[in-house]
Each structure stands twice: as structure tokens, then as C-alpha cells.
Amino acid sequence: MQGYKADQIFDGTTLRRGVLLVDGGVVAGVVDVAPAGVPVADLGGILCPGFVDLQVNGGGGVMLRDADTLRQMAQAHARLGTTSFLPTLITDTPAQTRRVVDAVASGGVAGIVGLHLEGPHLSVARKGAHAAGLIRAMRDDDLAFLCAAGARVGRLMVTVSPESVTPAQIATLARAGVIVALGHSDCSYETAQEYVAAGATVATHLFNAMSQMTAREPGLVGAVLTDGQLDAGLIADGVHVHPATIRAALAAKAGPGEVFLVTDGMAVAGTLDTEFTLNGRVIHRREGRLTLADGTLAGADLDFAMAIGVMVDRVGVPLAQALAMATRIPARVAGVAAGQLRAGDRADFVHLVGLAVQGVWRGGERLGEN
């Protein structure tokens, strides 16, 4: 058994002083004082569960394409504190989508707990950086493919738009165990409610690429904030959503649905690269933004430590709430065993000092120096 002492330990729900006990790669508990004879590393700072990211498009210099890129992405994001994630394929061809499903289904990459397919069944009107020519309506063969993929990859999340799918298709996906997220949509509030009733449970990157809330049309944003059945991902970089808007959204959000953090990470995550290519288009990295040549945002230049800092310092939420939004809440949304430090949980945890990642452990093994 090994103990790890910190100034504060976040177990997924609460912050406390104490010692995290790890035995055989599993959390043995969080205690005030380690038992006699147990070696204790006095780390200071904060210990928290490994981060859980449900929207990771790339990292380590690559975008998601195949098994090799999965490994590069996992390594890059692990160094940033993410120990469980859904690699995310942005709208692509059917052939490429099948290739990625096969790569994830083959397994063998630590940290990958499933797959997120963001598109191609979206709205062209709210496409963002997605390639308009690849967006299309869902067909019967697409539906069958997604239901089968869900059984192969562990946990499958699909971001779709009511403009390209039907409520019946949503219901079929939900019955198959697929997590259905609404996003990249210009739908009305009433339409969003209809699709939630059909089985959608998540909204992708709240406020971005969706119909906004106005005085007479609440839009998809209004549906997310007022419907307690919807959880919502949020890109908290201070660029995609203003901190004051985040503050208002958190105050308004109906429960038990919750807001959780995503990085929307791209190829540059974990690198010093200044550009990369997405569907043949160059994405530029400048001053904390990733943009197409026309200025359209294309993912985020963000990691979870940065996002937690924005939530605490600029939005003003308590540290425990910000940490939960990067750990326990996304783990619950994805239905994966991660994001907490309870007795019996796998010992995936992060050491933070001043909200900077100093060390990362997966299954009780330290992954490397930061």
C-alpha cells in the first residue's frame, strides 16, 4: 500500500485534507492519517480523480484517423491529466467513420472508454468548422451501423441535429444504448423538447453551433437550460463562451441534468504546433484560438487545468464544483467507472499545484514527470 498526502484531496464530490491510499492499483480510501507502516509521499497541492473528457478530436500533433492516432492522442492527453476519454470524430466520410469505429473497437489503448461521433448528421446552417459537403441526413443503413457500433466500442455518443434525424431514429439509438447528444442545430425550442422526449440526453458544447435563446424563441439553448433531462458539455476557455454567460447558465440550469467540461481538443493539444489540417483546410493557432482562415472557431486550444482555472477565477464557481465538472459529472454522463476516488475505484488521479498538472497516475502507476 502507498499513501499520497496533499493539502486538499477531491474525491469526486468533496474537498478535504488527508491521505489517499492506493493498494494494487485501486483506491483503498481517503483517510486523515495513514495507517502505521504505510509509506506516504507528501505532495502538497491538490489530488483529484483523473479528468474525463467526452470530446477529444485530436492531440499530440494528430487528428483522429486510425489506431496509431488513437495512441498518440491518448498519450498527449494523459500528460495533461485526462485518464479517460471519448476520442471524437468530426464529420467525415462513411469509410473513415467505419475505420475509426474499427480502430476503437479493437481496443488496447489505455484511457479510451468509447467513441464520440460528432456528425455527419448535423445542420449545415450551424455547421461551424464541419465540412458542409459531408453533412447528410441519417439513412436506415446509418442507423443500423450506429446501433452495431455502440455494441462494439464500449460507450458510443453521437452528436446529431433534428434537421438530419427523426425522433424515431433517436428512439432506436437510445434503445440500443447509444448516448444521443443534440448539437450543431438551428432547431426550435419545441423541436428540441420533442427530441429529448425521444431519447436525447446530452447537448454538445452549450451555446456554440446551436440556436440561441431570444425573447420569443428559446431555441436549443433555452431547451438545454430549462430541461432537467439534458446534461450539457461546455468549452470553458473564455473564448467560446463568455464567463458571465457561463455564470448565468449555471444559475439557470434545471437539474438533475448538469453542465460538464469538455476540451474539444484538437491536434495541437500537448504540442507547440501553430497549425494543423482538418478535412483539407488549415486551422491556425493564435492567442488561445483555433480558427479557419475566415475566423470560424475550429475546436479549442484548451486543456482541463486551464478550463478549471477559467471556471474558478473568471466564472467564480467553487473549486470542488469545477473539479466535479471535469471528473465525476462527465463520467456519469458517459456511464463509465471513472472520475471518483472511492474505495475500490481504479487509482486514476492527478496532482495539481496552482491548478497546473504536476503528475498523473493511472491504475496507481505514475505516467511520467510534468
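Parameters and conventions
- Residues numbered from 1 in each chain as written.
- Predicted model: local features only at pLDDT ≥ 70, side-chain atom pairs only at ≥ 80, totals over all residues.
- Heavy atoms only, no water.
- Pairing = 2+ DSSP bridges.
- Helix = DSSP H or I, 4+ residues; strand = E, 2+ residues; numbered from the N terminus.
- Phe/Tyr/Trp six-rings, centres within 6.5 Å; stacked < 30°, edge-to-face > 60°.
- Buried < 20%, exposed > 50% of the residue type's maximum accessible area, 1.4 Å probe, protein only.
- Core = buried A, V, L, I, M, F, W, Y, C linked by side-chain atoms within 4.5 Å.
- Contact = heavy atoms within 4.5 Å.
- Right-handed = clockwise from strand over helix to strand, strands pointing away.
- Salt bridge = Lys/Arg side-chain N within 4 Å of Asp/Glu carboxyl O.

(A) Representation of the sheet that holds strand 11 (residues 156-160) in the model. Taken together, eight strands build an open sheet; the order of strands is 6-9-10-11-12-13-14-15 and the sheet is parallel. The open sheet terminates on both sides in strands that have one partner only, identified here as strand 6 (51-56) and strand 15 (259-261). Looking at chain direction, strand 14 (residues 231-234) and strand 15 are connected through three bridges and run parallel. The residue bridging G233 from the neighbouring strand is F260, located in strand 15.

(B) How the structure looks around the packing of aromatic side chains. One pass over the structure, following the stated rule, counts four aromatic pairs. Considering the side-chain rings of F349 and W361, the 4.7 Å spacing of their centres and the 10° angle between planes classify their relative orientation as stacked. Taken as a pair, F349 in strand 19 (residues 349-353) and W361 in strand 20 (residues 356-362) lie far apart in primary sequence, 12 residues in all. Residue classification places F349 among the buried residues on the basis of a relative accessible area of 0%. By way of ring pairs, the aromatic residues Y4, F349 and W361 are connected into one cluster.

(C) Seen up close, the nonpolar core. Counting residues in each nonpolar core, the largest one holds 97 residues, and the members touching the most others are L261 and M311. Take this core: its biggest share by element is seven residues, from helix 8 (residues 304-315). In this structure, M311 is in contact with L234, A236, I246, L250, L261, G316, V317, A322 and M325, ignoring residues within four places of it in sequence.

(D) Quick peek at the pairing of strand 12 (residues 179-182). Residues I179 and A181 line one face of strand 12 and the alternating positions V180 and L182 line the opposite face, and both faces are buried. Relative to strand 12, strand 11 runs parallel, the two sharing four bridges. Of the residues in strand 12, the one forming a bridge with M157 is I179. Note that the unit made of strand 11, helix 4 (residues 167-175) and strand 12 has a crossover that is right-handed. Two strands pair when backbone bridges link them, and strand 12 and strand 13 (residues 202-203) are joined in this way by two bridges, in the parallel orientation. Within the sheet, the bridge partner assigned to L182 lies in strand 13 and is A203. As a crossover connection, the stretch from strand 12 through helix 5 (residues 189-198) into strand 13 is right-handed.

(E) The pairing of strand 9 (residues 82-90), seen in detail. When you tally the buried positions in strand 9, you get nine out of nine residues, the bulk of the element. Bridge analysis of strand 6 against strand 9 gives four bridges, and the strand direction is parallel. Considered in strand 9, the bridge of D53 is made with F85. Of the pairings in the sheet, the one linking strand 9 to strand 10 (residues 115-118) comprises three bridges and is parallel in character.

(F) Highlighting the pattern of salt bridges. Enumeration according to the criterion identifies 13 salt bridges in this entry. In this structure, the salt-bridge partner of R16 is D32, at a minimum N-O distance of 2.6 Å. Residue R16 is found in strand 2 (residues 15-23), and its partner D32 is found in the loop between strand 3 (26-31) and strand 4 (40-42); the two are separated by 16 residues along the sequence. R16 sits in the partly exposed class, given a relative accessible area of 29%. Note that D231 is salt-bridged to R332, the shortest N-O span being 2.6 Å. Of the two residues, D231 is situated in strand 14 and R332 in helix 10 (residues 328-334); the sequence distance between them amounts to 101 residues. The exposure class assigned to D231 is buried, which follows from its relative accessible area of 8%.

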